[in-house]
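Survey of secondary and tertiary structure
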Amino acid sequence: MQQEFTAAYQQLLQAWQTGALPSLRDRRFSAPAWAESQQHLLLAHLHVLAEQTLTRMARTVDLSDEARERLEFSLMQWLEASAPSNFLALNPDVIRRASESAGASLTRGMENLLADVRRGRMLQSDESVFELGRNLGVSPGSVVYENALFQLIQYDPLTPKVFSRPLVIVPPCINKFYILDLRPENSLVRHAVEAGHTVFMVSWRNPQPDDADADTMAQASWDDYVEDGVLRALAVAADITRQPQVNALGFCIGGTLLGAALAVAAARGEQPVAALTLLTTMLDFRDVGVLKVFVDEAHAALRDASLGQGGLLRATELSTTFAFLRPRELVWSYFVSNYLKGDTPPPFDLLYWNADGTNLPGPFFTWYFRQAYLENRLCIPGALEVCGESLDLGLVDVPTYVYASRDDHIVPWKTAYASLELLRGPTRFVLGSSGHIAGVVNPPAGSRRQHWILEDGQHDDPDAWLQAAQQHVGSWWPDWLAWLAPHGGRERRAPQKPGNARYQPLEPAPGRYVGVKAE
């Protein structure tokens, strides 16, 4: 490896001395200014060579798998931070921008930095363009139920007839639900409603330290979110639509909560859901991807001590952690453009949503971190008691649609695939391209992404499944809606108004819970 590094280093020096350094495809160094300055381009080449060499060295160190992964993660953070593109004097594109603007770009960059310091986070989208309820989260509907944990939204029908069995969506409680209802053209909610489904959405509360019932929310547990959250939402939707069963969709940790809730119901001899959809969800936490570098007993014990008996895990901590899982795209690219170049990031609905984080009750988080991420006990029959019941996911015996994203760094697709081993009912697994969020928010119109489906069965090995699966161009949404339709029950006339005599509309969608900011 040392010989390879020395040979590559000498080749770079020779090319630099003759003025023949090739340009780099790396986006950090792709601006024309880099190619026009051989000195700066040499720095870029040397940094890329160092990245490649040090990464290979880290992978060959004689350490345990766990220690090696932590080493690689730490090295990646250092290498990304030390890239010459991140420094004013070493980035020729920044220098040219400052010269051409007579320093105005640097002034704007300093203004952006000071504004972000006051804001407490780095701006990734022009947030002045968006307003929740005006051009985001605009599907018409009404809040028909609320308690301390959530509001339940019932969306207005868009078709003369609807399926009798409704669809209840359980989004992640660490984010806000409107990722599934951004704008009409990329709203999963709207597409489901247009397909004839009566859609109910759980809108989780964003707990604040100054809430009137702050002490109650700071003590909220996993059991509370299952019993008073998921199961309560399913029951209200069933009551309003006069159906013994509903269909349900869980996204990310919302899917984990939903799976646990259905196992609790099954232990009680109940089956409130007829068909289940899980989007980028972990039930078996054997491989949690890059997040494993944060998962150990010391971290769990620290969290237990600081939050286990009450308190709030702040949204800023969660968002910072997730951003540094992909620091080049989610941290340093914005550092350069916002602060060194003085640019304002363009409006992007997905990134606006990403910055609109939520706090989490400490007891809920610490239970989830230890029992799922650290000890992986959710998937072990009888290993946990939830809501007074011995938890066994194998009791969940319903048709299930499992979707995963191939490039997901939060829920590795093979980990999502492992859910097929746990659930008893017939399953359909679909793998989409892109990542954790972009893979899910993939409307059919203009979609250039792909998805993979295996029609003739499953495999114990996910790699074998992928090898046998057929690739399809476009969104996976039509396939899901086609799968869901037969589980919708008979068609009937669309309801004229939301709710019923017991659950009257409380306020228009998207409701006030989702509008509470964590800042």
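Preceding this paragraph is the structure being described.
Definitions and limits used
Residues numbered from 1 in each chain as written. Predicted model: local features only at pLDDT ≥ 70, side-chain atom pairs only at ≥ 80, totals over all residues. Heavy atoms only, no water. Helix = DSSP H or I, 4+ residues; strand = E, 2+ residues; numbered from the N terminus. Expected span 1.5 Å × (residues − 1). Buried < 20%, exposed > 50% of the residue type's maximum accessible area, 1.4 Å probe, protein only. Arc of directions from axis to C-beta. Contact = heavy atoms within 4.5 Å. Axes fitted to C-alpha atoms, helices over the stretch in contact; angles between N-to-C directions. Parallel < 35°, antiparallel > 145°, perpendicular 65-115°, else oblique. Left-handed = near helix turned anticlockwise from the far one by under 90°. Nonpolar A, V, L, I, M, F, W, Y, C, P; charged D, E, K, R; others polar. Core = buried A, V, L, I, M, F, W, Y, C linked by side-chain atoms within 4.5 Å. Phe/Tyr/Trp six-rings, centres within 6.5 Å; stacked < 30°, edge-to-face > 60°.

The terminal C-alpha atoms of helix H6 (residues 104-119), which comprises 16 residues, lie 22 Å apart, in line with the 22 Å expected from a rise of 1.5 Å per residue. Of all the residues in H6, the buried ones are Ser105, Gly109, Asn112 and Asp116. An end-on view of H6 places all buried positions within 60° of arc, on one side of the element. Away from its buried face, by an angle of more than 90 degrees, H6 presents the exposed residues Val117 and Arg118. Contacts made by the buried residues of H6 are with helix H5 (92-100) and helix H13 (327-340). A positive phi of about 85° marks Gly120, the residue just after H6.

Our next topic: the packing of helix H11 (residues 297-307) against helix H15 (residues 362-374). Where H11 meets H15, the closest approach of the two axes is 9 Å, and the angle between their N-to-C directions is 160°. Taken together, the axis directions place H11 and H15 in an arrangement best described as roughly antiparallel. In the packing of H11 onto H15, the handedness of the crossing is left-handed. Where H11 approaches H15, its residues Glu297, His299, Ala300, Ala301, Arg303, Asp304 and Leu307 are matched on the opposing element by Gly362, Pro363, Phe365, Thr366, Phe369, Arg370 and Leu374. Of the residues in the contact of H11 with H15, the class split is 7 nonpolar, 3 polar and 4 charged.

Core analysis: the biggest nonpolar cluster contains 87 residues, and Trp222, Val226, Leu234 and Trp465 have the highest contact counts within it. Ranked by the residues each element gives to this core, the list is headed by helix H9 (residues 222-241), at 11 residues. Excluding residues within four positions of it along the chain, Trp465 makes contact with Trp413, Tyr417, Phe429, Leu431, Trp452, Ile453, Leu454, Gly457, Gln458 and His459. Ranked by size, the runner-up nonpolar core spans 41 residues in total, among them Tyr155, Ile437, Val440 and Trp477.

Tallied over the entire structure, the rule returns 31 aromatic pairs. With 5.5 Å between their ring centres and 10° between their planes, Trp222 and Tyr368 make a pair best called stacked. One end of the pair, Trp222, is in helix H9; the other, Tyr368, is in helix H15, with 146 residues separating them in the sequence. Accessibility assignment for this pair places Trp222 and Tyr368 in one class, buried.

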